[in-house]
Amino acid sequence: MMAFASAIEPLRLANQVSGQKLYAWKLASEDGHDVSCSNGTVIRVDMGLEEITRDDTVLVCGGIDVVEATTKPVLNWLRREARRGAAVGGLCTGAWSVAKAGLLDGKRATIHWENQDSFCEDFEEVKLAKSVFVIDGNRLTTAGGTASLDLMLKLIARDHGEGLANTVADQLIYNSIRTDQDSQRLSIPTRIGVRHPKLAQVIGRMETNIEEPISPATLASEVGMSTRQLERLFRRYLNRSPKRYYMEIRLQKARNLLMQTEMSVINVALACGFASPSHFSKCYRAHYQTTPYRERGTSAAGAEAAEAADLAAFEGDECDLSDIDFPEEKFE
């Protein structure tokens, strides 16, 4: 809803403050029927998947169920209108639908940070950026939330000048317009509530090396510290060891992949740096009190059978869950 409103309101205000009908819009749904949002609001739409003109722009606004909502008729409509020359964009997870239609291949794009891991796995041919919005030719994508507002202000400035865009921003009490160079997430120091440059540097390295984890000794060496000093740094500011913090980052990515993709549990395990699915399953259960199979919604019988198969295949892969930290990892 935030991404949706943040896209329409700047256009309405551009018309209002200019005294002209600079922009017009219609709301569409797959069947032309009203749409219920996850917050309970019902949106009245104007049309179904009918033809539009080549001068129009299609913006797909996606939410938490974007995969289920991206049906074959929607994909066919997007491809058809793109072939006819319309600009196409995705707001928030709507970028997934546009990518699924093949309209972002070879293009730069962005999507909400929570969906970036799964997006990378699903669409390797898309050049994913971490900025709040991206304009690549006639393809537009935003990270969601108020990022739609930044995109629209950019388009208003492009079409009718920065003066109008600034006036619209003032009307919205929006005094810090972001550009396509701004990152969508808070900085690491702000996120963790600690301003320590070496700690932030190490965490940054952890977040960008999930599939092939870096050993604590290497991380410490990269910032000019001993392994013991790095251990003390994490204990002091984050009340956990570097290994545990790293494991939590990897498990969070694993959870995103399980919930947002159709990747097998084995492939999720490998993508998050685990040598075997049994080790992954044990660590996952220790952290989330459920198994990867049950997290995904596999039936109890199916989950038990899959877990048993994993354990049988990797019988020697032990994991001591009684330790305060996660099991020792084998680093190359």
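What comes next is a walk through the structure.

1. What about the overall build of the chain?
Thought 1: Within the chain, the regular secondary structure consists of 16 helices and eight strands.
Thought 2: Surface summary for the chain: the accessible area is close to 17500 Å², and the carbon and sulfur share equals 48%.

2. Focus on the layout of surface pockets
Thought 1: For the second largest pocket, the calculated volume is near 880 Å³.
Thought 2: Along the wall of the second largest pocket there are 29 residues; nearest its centre are Asp117, Arg185, Arg191, Glu207 and Ile249.
Thought 3: The set of elements that each furnish at least two residues to the lining of the second largest pocket consists of helix H5 (116-122), helix H8 (188-192), helix H9 (197-207), helix H12 (242-260) and helix H14 (277-288).

3. Section: the environment of Ser18
Thought 1: If you trace the backbone, Ser18 turns up in helix H1 (residues 2-18).
Thought 2: Given the relative accessible area of 25%, Ser18 is considered partly exposed.
Thought 3: Of the polar contacts made by the side chain of Ser18, one reaches the backbone oxygen of Asn15; its length is 3.3 Å.

4. A few points about the pattern of salt bridges
Thought 1: For the structure on display, the rule yields eleven salt bridges.
Thought 2: Across the pair Glu81 and Arg84 runs a salt bridge whose closest N-O atoms are separated by 2.9 Å.
Thought 3: On the basis of relative accessible area, Glu81 is assigned to the buried category, the value being 1%.
Thought 4: As a salt-bridge pair, Glu248 and Arg244 come within 3.2 Å of each other at their nearest N and O atoms. Taken together, the residues span about one helical turn, with Glu248 and Arg244 both in helix H12 at a distance of four residues.
Thought 5: With relative accessibility at 15%, the residue Glu248 sits in the buried group.
Thought 6: Classification of Arg244 as partly exposed rests on a relative accessible area of 23%.
Thought 7: Because the salt bridges share partners, they merge into one network encompassing Glu51, Arg80, Glu81 and Arg84.

Rules behind the numbers
- Residues numbered from 1 in each chain as written.
- Predicted model: local features only at pLDDT ≥ 70, side-chain atom pairs only at ≥ 80, totals over all residues.
- Heavy atoms only, no water.
- Helix = DSSP H or I, 4+ residues; strand = E, 2+ residues; numbered from the N terminus.
- Areas by Shrake-Rupley, 256 points an atom, 1.4 Å probe, with all protein chains shown as cover.
- 1 Å grid on protein atoms, 1.4 Å probe; cavity = no way out; pocket = protein on both sides within 12 Å on 5 of 7 lines; lining within 4 Å.
- Points joined across faces, edges and corners; volume = space filled by probe spheres on them.
- Buried < 20%, exposed > 50% of the residue type's maximum accessible area, 1.4 Å probe, protein only.
- Polar contact = N/O pair within 3.5 Å; in protein donor to acceptor, adjacent residues only side chain to side chain.
- Salt bridge = Lys/Arg side-chain N within 4 Å of Asp/Glu carboxyl O.

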